[in-house]
Amino acid sequence: MSALTAPRALVAPRPTAVPRARRRTTRRLGPGRAIPGGAALGLLALLVVWSIGSATGLIDQRTLSAPWTVVTTTGELLEQGRLQENLAVSAQRAFLGLALGIVLGTLLALVSGLSRVGEALIDGPVQVKRAIPSLALLPLLILWLGIGETMKVVTILLGVFIPVYIHTHNGLRTIDSRYVELAETVGLSRWAFVRRIVLPGALPGFLLGLRFAVTGAWLSLVVVEQINGTAGIGYMMELARTYGQTEIIVVGLVLYGVLGFGSDALVRLVQRRALTWRRTLAD
Amino acid sequence: MATHPRGLTVIPERSAVPPPVHGVLADERTATTDGTVVVRDLVRAYGLGEGDGRVLRGLDLSIAAGEFVAILGRSGSGKSTLLRALAGLDHDVHGTGTIAVPDRVSVVFQDSRLLPWARVLDNVTLGLRGPRVRELGVERLAEVGLAGRERAWPTELSGGEQQRVSLARSLVREPQLLLADEPFGALDALTRIRMHGLLRDLCARHEPAVLLVTHDVDEAIVLADRVIVLDAGRIALHVEVGIDGPRDPADPRFADLRAQLLAALGVPLTERTVS
């Protein structure tokens, strides 16, 4: 024992420093107390930097329009009705692709996760698809489906179903085998097992996949709308590029950002509501 | 493994029977209607066990309807394997024998095994359907002292409360046979004593046959009608508890029985402490 040196504080406590009994209200190893409005803080900082840069002339108006220009341009586009019109077209595409992609991804994950045959047939092709960028697949899709709405929705779908599949499948496969044993002892039917154990057990994974999917849907949208389109936010930006209207491009960018951020926030809200039973580091 | 310290069992170095192919269960499994349990010549073997890998070696066991049997045994004696065989949960072993168990069998595990995403009442009624299911679930929850906690999440309950929910879940099925695999092993000593009383009352009311696997000699004596000591896959000792009225550890008959059971478990006299 004598060879060990105890920390100094143990050997000789400083007589003057009487530790005040300060009660910790948060977990010592946790991330700390939740910051009110924390989600918007980083964005706000970015906006401040952008405004200062534009006001002082550090950012050239020709390369990046000032925030106030973006606001006035948005107003003008709204007056002309161009923004609403293009946004409606884009949103419809995104929602349709997203909805179909979620259904496809979930179904494939269930089949692949619950049966060996399903896994053998589905998992390989999905992993291969995952490695192929949507952009590279586009020429083929155009040949097959033309340049109409179908092609655009399918492209979004193909981008969306991958993260839903991967995370749902992973969530499903990592369900504790003890619960499977429990299901056997209480005599659950196959369907009841899926409904009571598999689906709720895979829900955290599914919701994580959904977060990737919603932002992914808007990303794929950019690709399809800028390559060939006659309407949509991407088309509006592409048109602005030909006329050198930086402010409209920035309006489009901001809109994409807001839409992506907004839909992610929505999914996170759903996540918090749906997973109230969980106790995690963030709580 | 081959020689028991007290020379109770001597196992042949190599069995004449060739080890069965991995994962082959050649059981004869039937259902009894009168709530009795009959096990004959039960053999269970894991691929990588000692010697020929056999964990249960021709075990015979009968449990009458409504009888409470406790199984004691050291780690690896095969007591959990026996319970899993009766529950029909052993898929990854090979073995032979005949098992006859009642139709309605419930299992209580060492962990409460509640679904964290389902509320307490939904956990209790898991897998049951019918108009009176919720009512029955509420009734059983009240019986284990958890009235009013139906809407709680399992993580909001203490370990003892979670195990009581698990008891309610097994009893709502009105089992003829209750299999309990060290159900109180993870609880603190005080909670365990309270749970003993609860389990005794519940069994008196619902009268299932019970097979309780435990490490705890006192728990076995307090609860069971009959105690079986398992050693190296065979029954080493078989005693009726036969103490009427409250079972007090200070009772000399209690102490005698404990000494007898500890001896069968191979615990030398010098290491025994009276708790």
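Residues numbered from 1 in each chain as written. Chains lettered and ligands numbered in written order. Predicted model: local features only at pLDDT ≥ 70, side-chain atom pairs only at ≥ 80, totals over all residues. Heavy atoms only, no water.

### A word on the overall build of chain A
- Along the backbone of chain A there are 11 helices and 0 strands.
- Counting from the amino terminus, helix and strand elements in chain A follow one another as α-α-α-α-α-α-α-α-α-α-α.
- Going through the 283 residues of chain A one by one, you find that 37% of them count as buried.
- Taking the intrachain contacts of chain A between residues at least 6 apart in sequence as the baseline, contacts between residues at least 24 apart amount to 71%. (Helix = DSSP H or I, 4+ residues; strand = E, 2+ residues; numbered from the N terminus. Buried < 20%, exposed > 50% of the residue type's maximum accessible area, 1.4 Å probe, protein only. Contact = heavy atoms within 4.5 Å.)

### Quick word on the overall build of chain B
- From N to C terminus, chain B includes 7 helices and 10 strands.
- With an accessible surface of roughly 12600 Å², chain B has 53% of that area assigned to carbon and sulfur atoms. (Areas by Shrake-Rupley, 256 points an atom, 1.4 Å probe, with all protein chains shown as cover.)

### Some details on the sheet that holds strand S5 (residues 94–102) of chain B
All names here are of chain B.
- Here we have 4 strands laid out as an open sheet, ordered S1-S5-S2-S3, and mixed in their pairing. Single-partner strands in this sheet number two, and they are strand S1 (25–32) and strand S3 (54–63). Going across the sheet, the axis of each strand differs from the next one's by a mean of 10°, ignoring polarity.
- Where S1 and S5 come together, 8 bridges link them in parallel fashion. Its bridge partner being in S5, Ala31 is matched across the sheet by Val101.
- The sheet contacts of helix H1 (residues 79–87) involve S1, strand S2 (37–45), S3 and S5, and relative to S2 the element is tilted by about 120°. (Pairing = 2+ DSSP bridges. Axes fitted to C-alpha atoms, helices over the stretch in contact; angles between N-to-C directions.)

### Side note on the interface of chain A and chain B
- With 15 residues of chain A at the interface, the matching set in chain B holds 20 residues.
- For the pairing of chain A and chain B, the buried interface totals around 1800 Å² over both sides, and the portion due to carbon and sulfur atoms is 62%.
- Inspection of the region where chain A meets chain B yields 3 salt bridges.
- Glu181 of chain A is paired through a salt bridge with Arg84 of chain B; the nearest N and O atoms lie 2.8 Å apart.
- At the boundary of chain A with chain B, the tally comes to 6 residue pairs in polar contact (both at pLDDT 80 or more).
- In the side of chain A that touches chain B, the residues fall into 7 nonpolar, 3 polar and 5 charged. (Buried area = accessible area lost by both parts, 1.4 Å probe. Salt bridge = Lys/Arg side-chain N within 4 Å of Asp/Glu carboxyl O. Polar contact = N/O pair within 3.5 Å; in protein donor to acceptor, adjacent residues only side chain to side chain. Nonpolar A, V, L, I, M, F, W, Y, C, P; charged D, E, K, R; others polar.)

### Topic: the packing of aromatic side chains
- Tallying each qualifying case throughout the model produces 3 aromatic pairs over all chains.
- Each ring, one from Phe95 of chain A and one from Trp218 of chain A, has its centre 6.5 Å from the other, and the planes form 75°; the classification is edge-to-face. In this pair, Phe95 of chain A is assigned in helix H4 (residues 82–114) and Trp218 of chain A in helix H9 (residues 190–227), connecting sequence segments 123 residues apart.
- With centroids separated by 5.7 Å and ring planes inclined at 70°, the aromatic side chains of Trp277 of chain A and Trp117 of chain B adopt a geometry described as edge-to-face. Residue Trp277 of chain A is located in the segment after helix H11 (246–274), and its partner Trp117 of chain B is located in the loop between strand S6 (105–108) and helix H2 (120–124); the two belong to separate chains. (Phe/Tyr/Trp six-rings, centres within 6.5 Å; stacked < 30°, edge-to-face > 60°.)

### Considering helix H8 (residues 177–185) of chain A
Residue and element names in this part refer to chain A.
- Turning to H8, its buried residues are Tyr179, Glu181, Leu182, Ala183 and Thr185.
- Here H8 starts with a cap whose side-chain oxygen sits 3.0 Å from the backbone nitrogen of Arg178, and that cap is Asp176.
- Following H8 by one or two positions, Gly187 adopts a phi angle in the positive range, close to 70°.

### Re the sheet that holds strand S8 (residues 209–214) of chain B
Residue and element names in this part refer to chain B.
- On the basis of which strands lie adjacent, the open sheet formed by 6 strands has the order S6-S7-S8-S4-S9-S10 and mixed pairing. Only two strands of the sheet have a single partner each, and these edge strands are S6 and strand S10 (234–240). The average undirected angle you get between the axes of adjacent strands in this sheet is 20°.
- Of the strands in this sheet, S6 and strand S7 (177–181) touch helix H4 (residues 159–171), which is tilted by about 175° from S6.

### Points about unusual backbone geometry
Residue and element names in this part refer to chain B.
- Positive phi is not limited to glycine here, since Arg113 has a value of about 50°.
- Overall, Arg113 belongs to the buried group, its relative accessible area being 9%.
- Of note, Ala232 is a non-glycine position whose phi angle comes to about 50°, a positive value.
- When you line up the elements, Ala232 lands in the loop between strand S9 (226–231) and S10.

### Comments concerning the pairing of S10 of chain B
Residues and elements named next belong to chain B.
- In this structure, S9 lies alongside S10, joined through 6 bridges in antiparallel fashion. Its bridge partner being in S10, Ile228 is matched across the sheet by His238.
- The loop that links S9 with its antiparallel partner S10 comprises 2 residues; one of these, Ala232, has a positive phi angle of about 50°.

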